[in-house]
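Secondary and tertiary structure notes
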Amino acid sequence: MATVEEDIEPPSQASAAQVLDKRRFSQDIRVLGRDEIDNLLSNVDGRPFSVIHRLPELKEEGIPYLMPGVPITCKVDNTERYTTRSKVHVGTLYTVTLTHGQFHWTVKRKYKHFEELHRDLYNHRMMIHLLPLGKFAKERQQLRDMPQEMPSLRGNQRSRMTSSKLKYLEEYLNGLLENRICRNHHSMSEFLSVGTLSFISDLGPKGLEGPIFKRSGGHRIQGLNCIGHHQFCFRWSRRWLVVKDSFLMYMNRDKGRINFVLLFDPEFQVKVGRAYTDTKYGVCIENFTRNLIIKCSSYRQAHWWSHEINRLAATCHFLKVQRFEGFAPPRDNTQTKWYINGSDYFADLADALEQAKEEIFITDWWLSPEVFLKRPATDNFWRLDEVLKRKAEQGVKVCVLLYKEVELALGINSGHSKRTLMDMHPNIKVMRHPDHVSSVVFLWAHHEKMVAIDQTVAFIGGIDLAFGRWDDKQYRLTDLGSTETTEKVAEPEPEPKGDTDQNGLAGPNPSDDKAEEVVDLTGNTKLWLGKDYSNFIRKDWVQLDKPFEDNIDRTRVPRMPWRDLSAAVHGKAARDVARHFIQRWNFTKIFKNKYKDNFYPYLLPKSHYSADTLSFTVPDTKKAKVQVLRSADRWSAGTCENSILNAYIHTIENSQHFIYIENQFFISCADGKTVYNGIGDAIVNRILRAYREQKTYRVFVVIPLLPGFEGDISTGGGNAIQAILHFTYRTICRGEQSILSRLSEMEDRWTEYITVCGLRTKAELSQSLVTELIYVHSKTLIADDRCYIIGSANINDRSMLGSRDSELAVFVEDEERIPSIMGGEEYQAGPLTLALRKECFSVLLGVASNPSIKIDDPISDDLFFLWWNSAAKLNATIYNKVFCCLPCNTVHNLQELKEYTSKERLSDTDPEKAREELKAIQGLLVHFPLKFLCEENLLPPLNTREGIAPVGLWT
């Protein structure tokens, strides 16, 4: 009968997984060049981290565990007395302290272990002498070149008389270690407890290693231990256990393969004894996802393993639940940087990817391999798939985790993204998760967006590496390119590879399922090519396997600008981000059958000891305190956490002057029935406290004017749009649970404390005036000009509860202070947060076109009433007058909507007058229309697909 462990540790030969997941590459290209071998052997400071991805090759090449040319010395400096199994004879345990370069460790050995080592080395020496085997030729030559004989364990009479046993054994071992053949023999490696992962600098101190027998099963993952069969159907396997400062793992030394990685977490503990292991001399090592049971040869050895593992883990930050009930602590003096929009974010990310030397980790809700990172693109150099292919060819391991969507509900085509990337190079590995049936997860998604490079720098926020996300502060509605360039690019090639579309880009042949390539971008001036030019409310993305065919007519339909925020972090915070990715990657590898083959590696987290050594940094970073937060559940990462929600509520409750929120959703105010997150409740309580204390306090909320679902708003917007609008209005102003209803004791004075706005802009397209909302996709909270949260988590239950979508965020607190102003008085603000808030206010208020607007004081009456609210009200009035925009406050029901949309628009009847009206527009703000369709029930009808869906899908 096949056991669970046989699934977790598949044989090296071809497995069923390779049949299940058809791909161009079924295994890595395993060629270790002479230069790479020389580099491994010549490094005296420790092996490079890339070794972890070359373990089978190192085994095949016979690379020694100890670093050649680096002396290893030992000192036998202590003895312990113990009672043997007979309970009569008392034995001696020797403590051997070893030093090899910068690495120090201790092993404990009995005298019989010295005897066994001597016997094995002596037998090996005799085999080299006597057996004319080719595999011994090199060692035979080394033996001839060595003048010294192998030391004798018994020594001579004089040495025995003049030295203590401790001193003599020490001299014996040091003598052996000067002999190259003895030093590199497997018996010596086992005696010294060294292996391929012992001397990798980025894995931290050497840690604890040794051979163990481990029991199969013990996984706390749904489906792997069903009906508890692992309790009576298991097997024992000999493995090499390695314990580092924040994880442990075991491997098959004979094949050079890692079989399992167990990360330290708050549930981590070590238990000894039959009561916990059902095994004599057993040790149970457990964390949130597994109970790993190992078997020792004696009671003493079991307790020694337990003691040493606990000693190594004692300094690990991940053993404790951190602030906000998170997995990672705040990291002081972290170099970090914020980004508004995708332009600078993509550019810095592209440069950072070029610096990658070892690993690239990417996880996205949606990833478009053909997206350009720097624009306008005049060649393919900065196209994402080309960048990743280039790094893979240089030996960098690229690991990508994609959300596997329910294809009937979403058209992001993660299958195309996976095939495109994995067909490029075997160093590019792509996993999709979850399997909806086996994991029983149909509604929730992996929503986080993250890139980590060499576990040294990480990019995190709201921006997927996907179409439609790139934008800058101009928020362009059009992208036609120059006529001259368009004509040049559109010229047919002598031998086109496929049909050419209107943008001069080659499309695929019908029989070719690969994405088409850009034929000629010379002189290109377009910023958004093909499906990157989008207006997803007008028309959602389709046929993503044809990325360079336009999805909408760019000569008639304006694009929808995309506003978003992200951040870069370095050092220990970047290690925390990478650790989260590694946890998810290893969890996915265990959970999904198709990923259990050796093509998909286990990943190891780097030690935080070396985190401050940065091989490169993103330009213009500043230092601050950074904590990595997340939403995670058993289905998504094998653990449970909602630290993002806790950080939001804590920040709001403890804010003194203002909070500024930009978010794609605003669904909150807990009632315990339909909505559970308490962010809206925290806002209400904080406003009421300020009102009762008669203190100035401001809440700025910026959200999209319409949800990001395809639909015709002129007919109501479709069921999905209406459902999101229902819960948004329920949060803000409709129903007894809403913010404004709960501020009723303030009567109309709530307008002095909170404002809710959307963003809109205008342009000319083909000599016609056009307008479009700016889609706010940000997930940002700024408080008091001293701290901010940037991440992927929306303000709704899906993102915040932790038991639904998976999310990532960073909480950044300024540690420095600079002079500023707050409420008309001098104030000490944080430089990073102040710069971020002022950049947001500057663009939204249009300060560049009106320098008289003062944004230094975020809570002043002039800014709040005159520049913010008055401008938002005026802008909304003008847009409605010129374009009859939707949504708007004058439309209360579907009948009025029909009449409103049939009105003639000033932009059509009198374009010149419309242009004059639009000159009064100031910035991008418009008030969110709180009365739009207020007389309608916006919940989806029960006889529709949206109406049948659980309410949690929308909240």
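Please read these numbers as outputs of a predicted model, since none were measured by experiment. (Residues numbered from 1 in each chain as written. Predicted model: local features only at pLDDT ≥ 70, side-chain atom pairs only at ≥ 80, totals over all residues. Heavy atoms only, no water.)

1. Some remarks on the overall build of the protein
Scanning the protein from N- to C-terminus turns up 30 helices and 31 strands. A buried classification covers 60% of the 955 residues belonging to the protein. Total accessible area on the protein is roughly 39,000 Å²; 49% of this is exposed by carbon and sulfur atoms. (Helix = DSSP H or I, 4+ residues; strand = E, 2+ residues; numbered from the N terminus. Buried < 20%, exposed > 50% of the residue type's maximum accessible area, 1.4 Å probe, protein only. Areas by Shrake-Rupley, 256 points an atom, 1.4 Å probe, with all protein chains shown as cover.)

2. Quick notes on the packing of helix H26 (residues 861-883) against helix H29 (residues 911-918)
Direction vectors running N to C along H26 and H29 enclose 175°, while the axes themselves pass 10 Å from each other. Overall, the two elements H26 and H29 adopt an arrangement that is roughly antiparallel. Across from Ile878, Tyr879, Lys881, Val882 and Phe883 in H26, the residues of H29 making contact are Ala914, Glu917 and Leu918. Looking at the contact of H26 with H29 residue by residue, the classes come out as six nonpolar, no polar and two charged. (Axes fitted to C-alpha atoms, helices over the stretch in contact; angles between N-to-C directions. Parallel < 35°, antiparallel > 145°, perpendicular 65-115°, else oblique. Contact = heavy atoms within 4.5 Å. Nonpolar A, V, L, I, M, F, W, Y, C, P; charged D, E, K, R; others polar.)

3. Overview of helix H22 (residues 718-732)
Between its terminal C-alpha atoms H22 stretches 21 Å, which fits the 21 Å expected from 15 residues at 1.5 Å a residue. The element H22 is largely enclosed, with a buried count of 12 among its 15 residues. The set of residues buried in H22 consists of Ala720, Ile721, Gln722, Ala723, Ile724, Leu725, Phe727, Thr728, Tyr729, Arg730, Thr731 and Ile732. Packing partners of the buried residues in H22 comprise helix H23 (739-742), strand E23 (754-765) and helix H30 (945-948). (Expected span 1.5 Å × (residues − 1).)

4. Observations regarding the pattern of salt bridges
The full count for this structure, using the stated rule, is 45 salt bridges. Glutamate 839 serves as the salt-bridge partner of lysine 473, at 3.2 Å between the closest nitrogen and oxygen. One end of the pair, lysine 473, is in the loop between strand E16 (457-461) and helix H17 (483-490); the other, glutamate 839, is in helix H25 (residues 831-845), with 366 residues separating them in the sequence. Accessibility expressed as a relative area gives 25% for glutamate 839, which makes it partly exposed. Here arginine 698 ties to aspartate 861 by a salt bridge, and the two come within 2.6 Å at their closest N and O atoms. Note that arginine 698 is positioned in strand E22 (residues 698-702) and aspartate 861 in helix H26, a separation of 163 residues in sequence. Owing to a relative accessible area of 3%, arginine 698 belongs among the buried residues under this scheme. We classify aspartate 861 as partly exposed; its relative accessible area is 49%. Among the ionic contacts, a cluster of salt bridges with common partners joins Asp28, Lys397 and Lys429. (Salt bridge = Lys/Arg side-chain N within 4 Å of Asp/Glu carboxyl O.)

5. Some words on the confidence of the model for the protein
On average, the protein scores 87 in pLDDT, and the residues at 70 or more come to 87%. Taken together, the stretch residues 1-21 has pLDDT below 50 and engages in 45 contacts with residues farther than four places along the chain or on a different chain. The model gives residues 483-516 a pLDDT under 50, and that stretch makes 56 contacts with residues more than four places away or in other chains. (pLDDT = per-residue confidence, 0-100.)

6. Concerning the side chain of threonine 639
For threonine 639, the location among the structural elements is in the loop between helix H19 (634-637) and strand E20 (641-642). For threonine 639, a relative accessible area of 9% translates into the label buried. Discounting residues that sit within four places of it in the chain, threonine 639 has contacts with Phe288, Gln583, Arg630, Ala632, Asp633 and Arg634.

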